[in-house]
Structures are given as C-alpha cells and as structure tokens.
Amino acid sequence: MSCDLIWNEYQLLFGAYADFDGHALTLKGWSVTVGLAAMLSAYSQPILKNGRIALLLAAFSTVPFYIVDGLWKTYQRAYLPRLRELERLSAECGEGFAIIGDWAGTIGEKILPVFLFPNVLLPHVFILAAGCLLAWKFPPGPGKLEVRG
C-alpha cells in the first residue's frame, strides 16, 4: 500500500472521527437547553396538581440526549481499529503518525463502558439529578417558589 494512500485514508478517517465530538457538543447543548427550559416552565406556570411529575418529566427529557450521545461515542470508537492499523502502517513508511496511538492509554478506554465515560455522562446527569432533587425537595405547585416582581 502506498504511503500517500495511507496518509490520505488516515486524514479522511481522523476527520470523521473528530467530527463526532462536534456532534456530541451539539447534543449536550440541546440536552441542557431542553432540560432546563422544561424545568423552568414547570415553575413558571401555575401547576395545581402533579407538579412533581411535571418536574420529573422535565428532568428525564435529558435521557434521550444521553442515549444518543452514548451511541455517537460508540460509532466514533468504531473508527479506532482502522485508525490504529493505519498508524501501524505509517510507521513502516517511516512517517509514524500516531494521534490515536498516543491517546490509547487513557483510563476510560480500558475500564469503562462508553455510556459511563464522563464525557458522555456530563452534563446530562447533572440536569437529571437537579430535576429529581427539585422534584423531591421543592416541587412546583400553588404557593411554592413564587417570584415577586
């Protein structure tokens, strides 16, 4: 295999691999936006009954974003074996590029399943925890958390 072809394929695959991080940031942004907006709306409208349920539903709105975020990270990791192989082949060409190889020693890659990676869990788990805590300690309802103007 030609060294130029190895480099071209590596650039193409690494670009796709890196693009997944941009998608993950978008998912995290939407998760925070939707979760917090839903929680705030639970307090902004006069809820006479089931305020806790409304708040828990708002908090759990982050779960689909978390699942998609984990799936995206799984798809991203599917690129790793080929990128590592291309890095191995590049060493035979005398090039020796090893971006993925240098990251291979990270603790999360060897121990944790992808859905438990901190970069997948965050910020979804904080929004979920905040919503559950608010529903438990400060549920919306009549006379609760009134804002005076």
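Scroll up to find the structure this text is about.
Before going into details, it helps to say that this report is about the structure given with it. (Residues numbered from 1 in each chain as written. Predicted model: local features only at pLDDT ≥ 70, side-chain atom pairs only at ≥ 80, totals over all residues. Heavy atoms only, no water.)

Quick look at the state of the cysteines now. According to the stated counting rule, one finds 1 disulfide in the structure shown. One disulfide bridge connects Cys 3 with Cys 93, the sulfur atoms lying 2.0 Å from each other. Here the disulfide of Cys 3 and Cys 93 is left-handed, its torsion about the S-S bond being about -100°. Here Cys 3 is found in helix 1 (residues 3–44), whereas its partner Cys 93 is found in helix 4 (residues 80–93), with 90 residues between them in sequence. A relative accessible area of 29% means that Cys 3 is categorised as partly exposed. The exposure class of Cys 93 is partly exposed, given its relative accessible area of 25%. (Disulfide = S-S within 2.5 Å. Helix = DSSP H or I, 4+ residues; strand = E, 2+ residues; numbered from the N terminus. Buried < 20%, exposed > 50% of the residue type's maximum accessible area, 1.4 Å probe, protein only.)

One pass over the structure, following the stated rule, counts 5 salt bridges. A salt bridge links Lys 73 to Asp 21, with the nearest nitrogen and oxygen atoms 3.5 Å apart. Of the two residues, Lys 73 sits in helix 3 (residues 62–77) while Asp 21 sits in helix 1, which places them 52 residues apart along the sequence. Overall, the relative accessible area of 36% leaves Asp 21 in the partly exposed class. (Salt bridge = Lys/Arg side-chain N within 4 Å of Asp/Glu carboxyl O.)

Take it as geometry only, folks, not as evidence of what the structure does.
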